[in-house]
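A look at the structure
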Amino acid sequence: MVSIAEEAELNRLETQVDNGGGGAWEYLCLVRKLKVRRSHKVLNYGLSILNDSRKRSGLGQEEWTLYEQVTIAALDCQAIDVAKDCIKVLQKKFPQSKRVGRLEAMLLEAKGLWAEAEKAYASLLEENPCDQIVHKRRVALAKAQGNIAGAIEWLNKYLETFMADHDAWRELAELYISLQMYKQAVFCYEELILSQPTVPLFHLAYADVLYTLGGLENLQTAKKYYASTIDLTGGKNTKALFGICLCTSAISQLTRGRSKEDKEGPELQSLAATALEKDYKQRAPQKLSLLSSVLKGLKVSP
Amino acid sequence: MGVGFVVGLFGVLILAHAAYSTIQYRSLLKIMQEEFSGPPFHVAIELILGLVLSMWAALTVPGKFHSINPEAEENRIVSLPANQDFMVFNHRGRLFPKQTDLKLKR
């Protein structure tokens, strides 16, 4: 999870490194820790460290981690030659290593040799059937070929064994959404919220999917989860505030003709609308009129 | 740090003085051949004062506390990490020109 403080630190280091201010190794460490995808920069700065023998030997054992990081970044940037050279170095240092074998299979993947990559992963799995990352690479392989249904099948099989892997649940949810299978995606997000209840972004995604599904009950649940997102972010999430307004207006449209016995108080949406107006006033005053016309259209007035 | 550190030092000194006075008081009692029933009043006052001062110093000197609330501003999660285990390489970046000057030297 990338918190706001960590993001600020990352951006600060990035501008510092971009302007030649040093701290490249710290930047690469932070990129690895936060698991953000900055392949191009990792490739540039990682290679400059690796090509400088004095800097490289200063890293000690971390040198090999950097080689791995640069290899993956190079594959992502389609710099096949660099990746090949890095893998060669790693192979010399660690012959017979499974981790290097995985990198080789990823190299095949980046070249687009799907059948060979599949064979390499299968042989890696034969040696060690519990290697989670290889299982995940297989899913990614199916995804790369455009075979989303196959990827979902692999991923489901994987999740039967490794149920606690929340990254995999997230990937499965995103795959289902890309196929518009929202009911299944809802289940995945429920699983994610159960495993990490304090991450507001999962609550938000869950509410989004429920709102997309529609129907009175789903809309009411979606509204609750938008509210919990607001609770967890301290009201700083604009999307959740808009979600409350949208849910309220959709619910009121659905329940127009019915009795008003289960109607909730209007405080929530008016509070959300007020918070939105305040936020817009502070950060984008020129768009305030746009916001108020939208809110008027939704019939939620602060 | 300066003020807090001095206050903390003062608190520890008061505690040490309280210990010293108690020992002295007990040796006095031994001479007078009386039973020890409890520390004298001024030692109790010193103990309380020392406790308050050193606690205050211990809470202020090391630095500011971080919030543990998930809704606190500095803890707010703004983005999820990229799911790198499922990274796919055949994206549109493939169509952009490669940098040919990048090379691993040995």
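Each value, and the rule that gives it
Residues numbered from 1 in each chain as written. Chains lettered and ligands numbered in written order. Predicted model: local features only at pLDDT ≥ 70, side-chain atom pairs only at ≥ 80, totals over all residues. Heavy atoms only, no water. Helix = DSSP H or I, 4+ residues; strand = E, 2+ residues; numbered from the N terminus. Rg over C-alpha atoms; globule rule 2.2 N^0.38 Å. Buried < 20%, exposed > 50% of the residue type's maximum accessible area, 1.4 Å probe, protein only. Contact = heavy atoms within 4.5 Å. Areas by Shrake-Rupley, 256 points an atom, 1.4 Å probe, with all protein chains shown as cover. Lys, Arg positive; Asp, Glu negative; His and termini not counted. Charge placed at Lys NZ, Arg CZ, Asp CG, Glu CD. UniProt positions renumbered as here; feature names shortened; annotations may be inferred.

Right, let's talk about the overall build of chain B for a bit. Summing up its helical and strand segments, chain B has two helices and one strand in all. The globule rule puts the C-alpha radius of gyration for 106 residues at 13 Å, and the 32 Å found for chain B is more than 25% above it. Taking the principal axes of the C-alpha coordinates as reference, chain B spans close to 95 × 40 × 25 Å. Per-residue burial over chain B gives 25% buried out of 106 residues. Pairs at least 24 apart in sequence give 61% of the contacts found in chain B among residues at least 6 apart. With the model as given, the accessible surface of chain B reaches about 8100 Å², and the carbon-plus-sulfur share is 67%. Seen as two clouds, the 10 positive and the 8 negative side-chain charges of chain B have centres 24 Å apart.

What follows deals with the overall build of chain A. What chain A contains, in helices and strands, is 17 helices and one strand. Dimensions of chain A, computed from the C-alpha atoms along their principal axes, are close to 75 × 45 × 30 Å. For chain A, buried positions account for 45% of its 302 residues. Of the contacts made within chain A by residues no fewer than 6 positions apart, 49% connect residues no fewer than 24 positions apart. Accessible surface computed for chain A: about 15400 Å², of which carbon and sulfur atoms make up 53%. Each charge sign in chain A was given a centre, from 40 positive and 37 negative side chains, and these centres are 4 Å apart.

What UniProt calls "domain: EMC2 TPR-like" (unreviewed entry) maps, in this numbering, to residues 99–209 of chain A. Along residues 99–209 of chain A the backbone is 82% helical and 0% strand, and the end-to-end C-alpha distance reaches 37 Å.

Moving on to the UniProt feature "transmembrane region" (unreviewed entry) in chain B. According to UniProt, the positions carrying the feature "transmembrane region" (unreviewed entry) are residues 42–61 of chain B. Counting secondary structure, residues 42–61 of chain B comes out at 95% helix and 0% strand; the distance between its end C-alpha atoms is 28 Å.

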